[in-house]
Amino acid sequence: MDLKTRPETLRYTAFTTDPAGGNPAGVVLDAAALDDAAMLAIAAEVGYSETAFVTAADQAARRFRLRYFSPLAEVAFCGHATVATAVALAERIGPGSLIFDTPVGEIALDTSAVPGGSVTATLTSVPTRSRPASEAEVRASLTALHWSAEDLDPALPPHVAFGGNEHLVLAVATRERLAALDYDFDALAEVMHRHGWTTLQLVWREAQDLFHARDPFPIGGVVEDPATGAAAAALGGYLRTLRALPPAGAFTIRQGEDLGRPSLLRVEASTTDPRVRVSGQAVAIVDASASTSGEEA
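Just so we're clear, the structure is a prediction, and the values are computed from it rather than from any experiment. (Residues numbered from 1 in each chain as written. Predicted model: local features only at pLDDT ≥ 70, side-chain atom pairs only at ≥ 80, totals over all residues. Heavy atoms only, no water.)

Once that is clear, we can look at the packing of aromatic side chains. Using the criterion set out here, one finds five aromatic pairs in the structure. Arranged with centres 5.7 Å apart and planes meeting at 90°, the rings of Phe53 and Phe69 form a pair that is edge-to-face. With Phe53 in strand S3 (residues 51-58) and Phe69 in strand S4 (residues 63-69), this residue pair connects regions lying 16 residues apart in the sequence. For Phe69, a relative accessible area of 3% corresponds to the buried category. (Phe/Tyr/Trp six-rings, centres within 6.5 Å; stacked < 30°, edge-to-face > 60°. Helix = DSSP H or I, 4+ residues; strand = E, 2+ residues; numbered from the N terminus. Buried < 20%, exposed > 50% of the residue type's maximum accessible area, 1.4 Å probe, protein only.)

Helix H5 (residues 185-195) packs onto helix H3 (residues 135-145) with a crossing angle of 155° between their chain directions and a minimal axis gap of 8 Å. When the interaxial angle is binned, H3 and H5 end up roughly antiparallel. Of the two elements, H3 crosses H5, and the hand of that crossing is left-handed. Packed against H3, whose contacting residues are Glu137, Ala140, Ser141, Ala144 and Leu145, the element H5 presents Ala187, Leu188, Val191, Arg194 and His195 at the interface. The residue inventory of the contact of H3 with H5, partitioned by class, reads six nonpolar, two polar and two charged. (Axes fitted to C-alpha atoms, helices over the stretch in contact; angles between N-to-C directions. Parallel < 35°, antiparallel > 145°, perpendicular 65-115°, else oblique. Left-handed = near helix turned anticlockwise from the far one by under 90°. Contact = heavy atoms within 4.5 Å. Nonpolar A, V, L, I, M, F, W, Y, C, P; charged D, E, K, R; others polar.)

As a further point, take the environment of Tyr48. Of note, Tyr48 is situated in the loop between helix H1 (36-46) and S3. Separated by 173 residues in the primary sequence, Tyr48 and Gly221 place their C-alpha atoms 9.5 Å from one another.

The subject of this paragraph is unusual backbone geometry. Located in the positive-phi region is Arg62, a residue other than glycine, with phi close to 55°. By the secondary structure assignment, Arg62 is in the loop between S3 and S4. The backbone of His146 sits at a positive phi, close to 65°, despite the residue not being glycine.

This paragraph deals with the nonpolar core. Judged by nonpolar contacts, the single largest core of 56 residues is most densely connected at Phe100, Leu235, Leu239 and Ile253. It is helix H2 (residues 79-93) that provides the largest number of residues to this core, a total of eight residues. In this structure, Ala133, Leu168, Leu188 and Leu200 belong to the second largest nonpolar core, which totals 27 residues. (Core = buried A, V, L, I, M, F, W, Y, C linked by side-chain atoms within 4.5 Å.)

As a further point, take the environment of Arg243. Tracing the sequence through the fold places Arg243 in the loop between helix H6 (229-242) and strand S15 (250-255). With a relative accessible area of 81%, Arg243 lands in the exposed category. In this structure, the C-alpha to C-alpha distance between Arg243 and Ser118, residues 125 residues apart in sequence, is 35 Å.

This part is about the environment of Ile99. Among the structural elements, Ile99 can be located in strand S6 (residues 96-102). Sequence-wise, Ile99 and Arg63 are 36 residues apart; in three dimensions their C-alpha atoms are separated by 4.7 Å.

As enumerated under the stated definition, the model contains 17 salt bridges in all. For Arg194, the salt bridge goes to Glu190, with nearest N and O atoms at 2.5 Å. Residue Arg194 and its partner Glu190 are located together in helix H5, separated by four residues, close to a single helical turn. Owing to a relative accessible area of 48%, Arg194 belongs among the partly exposed residues under this scheme. Where salt bridges share partners, they join Arg175, Arg214, Glu224 and Asp258 into one cluster. (Salt bridge = Lys/Arg side-chain N within 4 Å of Asp/Glu carboxyl O.)

Printed below as a string of C-alpha cells:
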C-alpha cells in the first residue's frame, strides 16, 4: 500500500501508566481497506508482539470489529492490544462501554477516565476453560524451558487454559526459578505450534491474590511478552477450575518486571461465570523508537 494512503498506526503500551513500561501494541483505527498481507506487513514493520486493526466501525453503537497480527501471523485474540485499542478509542470518542467483534467472539469492554487524565479499560473475556495438561505436554515444555518437575509448585498443577487463546499454565515453586527464565526458543516454538498454544503462562504465587508471571511468545517471533491479557483471563479460569480463587475472586498479576517493563493486570473471576474480567490502563508512546515489546528473536 502507498505510504500516502496507508492509515495511521498508533503506538500504545498497555497495563501501565508509564510509556517505558507495559506491553506495547500497534493500533490501526481505520483498517477497513487493508487486506491480510497489508496488515501482516504493518505488524511486522511495527515489530511489537501484536498490532490491532479496526476493520469495521459503528461509532454510534460503539461497536468495532478487530483483527490482531503478530509480526509473523494473525492471532485470534490479544488482550493487551484490546486494552490499548479501547483506550485509544475512549480518548477519541469518550469513555464508556464498547463492543469488539473479534475472531474468538464478542468482547465487551468498559472504559473510564481516572484522575490525571488516563483511561482504564476492563475487558470481559469469552468463556474460559481449563484442563489438566498431559504428561507428554508437560515433559516437552519443561525440556524446552530447561526446567525440571521439581521446579513446579505441586499445589498448582499444570493445565492448558483458554481465555481467547490456549496457554499452558506452569506454576513454579520459587520466584528465583521464574526470574532465571532462559529457554530454547526454537524447541519451545515447536512444542507450542504442535499443541496450538499462544503463550506459556509461567507463574509464581506470592499470595492468594498476587501472582508474578512471565509469558514466552516464540511463535510470534518474540522471546517474551511483558503483559498478556488473554493469558490473565485464562489464569482466572484455571484458578476457578482448581477452586483456588481468592475469596472475593479478584487478584493481581505483576508481569514484565524481569524485562524492565513493569506491568500490572487486575483480574476478577467468579465461581459461577466462566467469563473473566481483566483491567488495566494504557498510554500512548510518543517516542516509538524507545519502546520494544520484550526481547525479539
